[in-house]
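Residue-level listing of the chains:
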Amino acid sequence: MNVGDEFGPSDWLEITQERIDRFADATDDHQWIHVDPERAAEGPFGTTIAHGFLTLALLVRFWYEVGSRFEGYRMGINYGANKVRFPAPVPVGSRIRGRFTVVAVEEIEGGMQLTLNGIAEREGQEKPVCAAELVFRQYK
C-alpha cells in the first residue's frame, strides 16, 4: 500500500429510518430531525436525515469492504479521525458509498499506521456527505 493509492467506490448502502433510529438509540441522540418523520417533514430538509456521526461510522464499514487486506497482521483498530466535515445532509432513503485515498503509511511499534482520506458520497449528488481523514492501525 502506497501514498496516493485509491480504493472504492464501495457498494451503495441505503440509509433507512430503522438504521437512523437504531443509531439514535445507541447514542441517545433523538433530535427530531433524525427520528420524527412528521415533524421533520415540516423542517428544513423535508424529511428525516441521518446523523452526521452515523455517516462517519459507515466510512469504516465502507473501508472494510474496499480496503486492502493486510496479510500477516492479526488485528486492526480504528485509531482516530481528523478533519471531519459533513458538507451535505443524508435524507432518509438515500444511498451512500465510500471512496478512499491513502495519505500516509507509517511503521509503528508492532505494526503500521494508515491514514486515509475518506469520502462518503450520496447517489445523485456531487457534494460529499462526509469527508474525514481516518487513522487505522494494524498489528502483527
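This text follows the structure it describes.
Small disclaimer: the values here were computed from a predicted structure and weren't measured.

Caption draft 1: The arrangement of the overall build of the protein chain in detail. Of regular secondary structure, the protein chain possesses 4 helices and 6 strands. Dimensions of the protein chain, computed from the C-alpha atoms along their principal axes, are close to 50 × 30 × 25 Å. Put simply, 69% of the contacts in the protein chain that link residues at least 6 apart link residues at least 24 apart. Approximately 7,800 Å² of the protein chain is accessible, and the part contributed by carbon and sulfur atoms is 46%.

Caption draft 2: How the structure looks around the packing of aromatic side chains. Applying the stated rule across the entire model yields 6 aromatic pairs. Arranged with centres 5.6 Å apart and planes meeting at 75°, the rings of Phe53 and Phe86 form a pair that is edge-to-face. Of this pair, Phe53 sits in helix α4 (residues 52-66) while Phe86 sits in the loop between β3 (75-85) and β4 (95-108), and the two are 33 residues apart along the sequence. On the basis of relative accessible area, Phe53 is assigned to the exposed category, the value being 56%. On the basis of relative accessibility, which here comes to 34%, the residue Phe86 falls in the partly exposed class. Between Phe70 and Tyr73 the ring centres are 6.3 Å apart and the planes differ by 90°, which places this aromatic pair in the edge-to-face class.

Caption draft 3: Structural view of the pairing of β4. With 2 bridges joining them, strand β1 (residues 6-7) and β4 adopt antiparallel strand pairing. Considered in β4, the bridge of Glu6 is made with Thr101. Sheet topology places strand β2 (residues 13-14) next to β4; 2 bridges connect them, and they run antiparallel. Residue pairing for β4: Leu13 is matched across the bridge by Ile96. Bridge analysis of β4 against strand β5 (residues 111-122) gives 12 bridges, and the strand direction is antiparallel. If you follow Glu106 over to β5, its bridge partner there is Gln113. Adjacent in sequence and paired antiparallel, β4 and β5 are bridged by 2 residues, among which Gly110 carries a positive phi angle near 85°.

Caption draft 4: Quick peek at the packing of helix α1 (residues 17-27) against α4. Axis separation between α1 and α4 bottoms out at 10 Å; the angle between their running directions is 100°. Judged by the angle between their axes, α1 and α4 are roughly perpendicular. In this structure, α1 contributes Arg19, Ile20 and Phe23 to the contact, and α4 contributes Phe53, Leu54 and Leu58. Looking at side-chain class alone, the contact of α1 with α4 contains 5 nonpolar, no polar and 1 charged residues.

Caption draft 5: Looking closely at unusual backbone geometry. Across the junction of Gly8 and Pro9, the peptide omega takes the value 10°, indicating a cis bond. Topologically, Pro9 is positioned in the loop between β1 and β2. In this model, Asp28 sits at a positive phi of 60°, which is unusual for a non-glycine residue. Following the sequence through the fold, Asp28 ends up in the loop between α1 and α2 (32-35). A positive phi is found at Lys83, a non-glycine position, where the angle reads about 50°.

Caption draft 6: Local environment of the side chain of Gln17. By the secondary structure assignment, Gln17 is in helix α1. Among the residues examined, Gln17 registers a relative accessible area of 19% and is labelled buried. Not counting the four nearest positions on each side in its chain, Gln17 is found in contact with His34, Val35, Pro37, Thr48 and Val92.

What counts and what doesn't
Within every chain, residues take consecutive numbers counted from 1 along the sequence as written. Only residues with pLDDT of 70 or above have their local features reported here, since the model is predicted, and side-chain atom pairs are shown and tallied only from 80 upward, although totals for entire chains, interfaces and linings are computed over all residues. Each side-chain value is derived from all of the structure's non-hydrogen atoms; neither hydrogens nor water enter the calculation. Helix numbering and strand numbering both begin at the N terminus, where a helix is a DSSP run of H or I of at least 4 residues and a strand a DSSP run of E of at least 2. Contacts were defined at the residue level, with two residues in contact if any of their heavy atoms lie within 4.5 Å. Computed with a 1.4 Å probe, the accessible areas rest on the Shrake-Rupley method; for each residue, only the protein chains presented here act as cover. Pairing of aromatic rings covers Phe, Tyr and the six-membered ring of Trp, with a centre-to-centre limit of 6.5 Å; geometry is then stacked below 30 degrees between planes, edge-to-face above 60, and tilted otherwise. Burial classes follow relative accessibility: with a 1.4 Å probe on protein chains only, a residue under 20% of its type's maximum area counts as buried, one over 50% as exposed, and anything between as partly exposed. Pairing between strands is defined by DSSP: at least two bridges between the two strands are required. To obtain each axis, a line is fitted to C-alpha atoms, and for helices this fit is confined to the stretch in contact; angles are then taken between N-to-C directions over 0 to 180 degrees. Each angle receives one of four descriptions, namely roughly parallel if under 35 degrees, roughly antiparallel if over 145, roughly perpendicular if within 65 to 115, and oblique otherwise. Ten residues, namely Ala, Val, Leu, Ile, Met, Phe, Trp, Tyr, Cys and Pro, are considered nonpolar, four, namely Asp, Glu, Lys and Arg, are considered charged, and the remaining ones, Gly among them, are considered polar.

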